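The lines below spell out each chain.
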Amino acid sequence: VVFMPERLKEILSVTPKQRTAENNQMALDLLGRHKFLQNLDKEIAHQSIGKLTLSVIQENELIFRQGEVGSQFYIILTGKVHVFSDRRVKKEEPEEAKPAEEGNKEEDKKKKAKGEKDKSPKNKKGKRGAAKDEDKPDEPEAPKQGFEQSAIISETIYSGQGDRIVPAEKWAEVLGSKKQTLQGGDSFGDRALLQKNTLRTASCIAAEKTEMMVLSQADFKKLFAKDSNEVEGFERVAELLQIDSGARSKNQLDELAQLLTKTSSFFQTLDPGLHYDICQAASYKRLQSNDVVFVQGEVGDAFYVVLRGTLSLHIKGTPGLPPPKKEAKEPQPGEEGLEEEPEDLTEVYGPCISVLSGGQSFGELALLHGMPRTGTVLCQDES
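Throughout what follows, the structure given in this document is the object of discussion. For every chain, the first residue of its written sequence is number 1, and the numbers climb from 1 along that sequence. The predicted origin of the model limits local features to residues at a pLDDT of at least 70 and limits the giving and counting of side-chain atom pairs to 80 or more, whereas totals for whole chains, interfaces and linings rest on all residues. Side-chain numbers here rest on the full set of heavy atoms in the structure, without hydrogens or water.

### Observations concerning the side chain of Thr-210
Counting from the N terminus, the helices are DSSP H or I runs at least four residues long and the strands are E runs at least two residues long. Among the secondary structure elements, Thr-210 is positioned in strand β8 (residues 210-216). Three exposure classes are used, based on accessible area relative to the maximum for each residue type with a 1.4 Å probe and protein chains only: buried under 20%, partly exposed in between, and exposed over 50%. Given the relative accessible area of 0%, Thr-210 is considered buried. The criterion used for residue contact is that any of the two residues' heavy atoms lie within 4.5 Å. Setting aside chain neighbours within four positions, we find Thr-210 in contact with Ser-55, Val-56, Ile-57, Ile-76, Thr-78, Gly-79, Lys-80 and Val-81.

This is the structure in structure tokens:
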């Protein structure tokens, strides 16, 4: 929900560095019920507001295109944005065709060196005609104009200058089929906040003049990174945890407990008498970017303390129940043989409601009370 968009525009038209604390607080009050902010830590939400900028997108301007690298998150203040998905199979030339072509060129050079005549029908017209035909393959392609040229840009941009205009009659040809329309209060692009080099799974274009609040990935990650996304003494903690639990000495267990108590808020709330037992049973697990730690609705059998990395918590539908599955759609006439739509993790697991980093913990409810997992946790980088 976005209250008083005109007042928000007035606040955001001032650069973040020049805004007052009172202005940021007012913006937070107006945006406080927005789903993106209401589940964030209050301090993080307040700092996020301080990083938001205003962008005005022209009608028919491409905000980002499917397959581009995402680096920004958007909340619509006014206007409408269409979301498109392109499932058409992209035809590519076989790799082996290129070497064969190069081979033919080498052969032609040898023929010319020996003084052999080219017997192709094209060159029977004489020297002038032959030169004309030979020049054709080497002619540079005419530079692409408008959206055709800008659509090949590899990074997401938003300009507000109308430099990526796609006329409405070209939408289907360039962007594929329309999936939905977003309007004031809706947000999109949240996955780009969490993960570097993530590719956009759809294209977004302004259906009319649209004003949006924009938050960059770099600014958002700084809010959670603090000084580092790993606990103090990470290397030593990891080394101790990789020793078989039955082989850890009392001194090693004491050292591990001391290190974790310094850095883990969970350990700091526990009865010290439990530290030894937990450190004796604990194990070490390394996960990669995009790995799923657990899925909403699963039976919990473990509790986690983040030593290093960034993870995101997602909830879709009713907490504790498996996320509703996307209904399979029957292919429409003409859609047979199309590629499957790229998987959007937000659609599969729900929006991100929290970000976890070094020293934070999760999964205790399922372990202590035998409850199903209330959400899904994903790794955003190596963790």
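### Focus on the packing of aromatic side chains
Geometry of aromatic contacts follows a simple scheme: Phe, Tyr and Trp rings, the Trp one being its six-membered ring, pair when their centres are within 6.5 Å, and the pair is stacked under 30 degrees between planes, edge-to-face over 60, tilted otherwise. Taken as a whole and assessed by the stated rule, the structure comprises 7 aromatic pairs. Ring centres 5.8 Å apart and planes at 65 degrees place the aromatic pair Phe-84 and Trp-171 in the edge-to-face group. With Phe-84 in strand β4 (residues 80-85) and Trp-171 in helix α8 (residues 171-175), the pair connects residues that are 87 residues apart, well separated along the chain. Judged by its relative accessible area of 3%, Phe-84 falls in the buried class. Here Trp-171 falls in the buried class, since its relative accessible area comes to 14%. An aromatic cluster of three or more residues is present, and its members are Phe-64, Tyr-74 and Phe-188. Remark: a charge is flagged as sitting over a ring if the NZ atom of Lys or the CZ atom of Arg is within 6 Å of the ring centre and within 35 degrees of the ring normal. Cation over ring: Arg-200 sits above Phe-64, and NZ or CZ is 4.0 Å from the ring centre. Cation over ring: Arg-373 sits above Phe-294, and NZ or CZ is 4.0 Å from the ring centre.

### Things to note about the sheet that holds β4
A pair of strands is treated as paired once DSSP finds two or more bridges between them. Strand order across the open sheet formed by 4 strands is β2-β7-β4-β5, with antiparallel pairing between neighbours. In this open sheet, the two strands that pair with only one neighbour each are β2 (62-64) and β5 (177-183). Taking the axes of each pair of neighbouring strands and ignoring which way they run, one obtains an average angle of 30 degrees across the sheet. For β4 and strand β7 (residues 203-206), the ladder comprises 4 bridges, and the chain directions are antiparallel. Across the sheet, the residue bridging to Val-83 is Cys-204, located in β7. Axes here mean lines fitted to C-alpha atoms, for a helix over just the part in contact, with angles spanning 0 to 180 degrees between N-to-C directions.

### Some points on the nonpolar core
Only buried Ala, Val, Leu, Ile, Met, Phe, Trp, Tyr and Cys residues count toward a nonpolar core, and they belong to the same one when joined by side-chain atoms within 4.5 Å. The biggest cluster of nonpolar side chains holds 22 residues, and the ones touching the most others in it are Leu-31, Phe-36, Ile-49, Leu-52, Met-213, Leu-215 and Phe-220. Those elements that provide at least two residues to this core are α1 (5-12), α2 (21-31), α3 (35-38), α4 (42-51), β3 (72-78), α9 (191-194), β8 and β12 (352-357). In terms of residue count, α2 provides more of this core than any other element does, 4 residues in total. Once residues within four sequence positions are removed from consideration, Leu-215 is found in contact with Phe-36, Ser-48, Lys-51, Leu-52, Ser-71, Gln-72, Phe-73, Leu-193 and Phe-220. Judged by nonpolar contacts, the second largest core, of 16 residues, contains Leu-241, Ala-257, Phe-267 and Leu-307.

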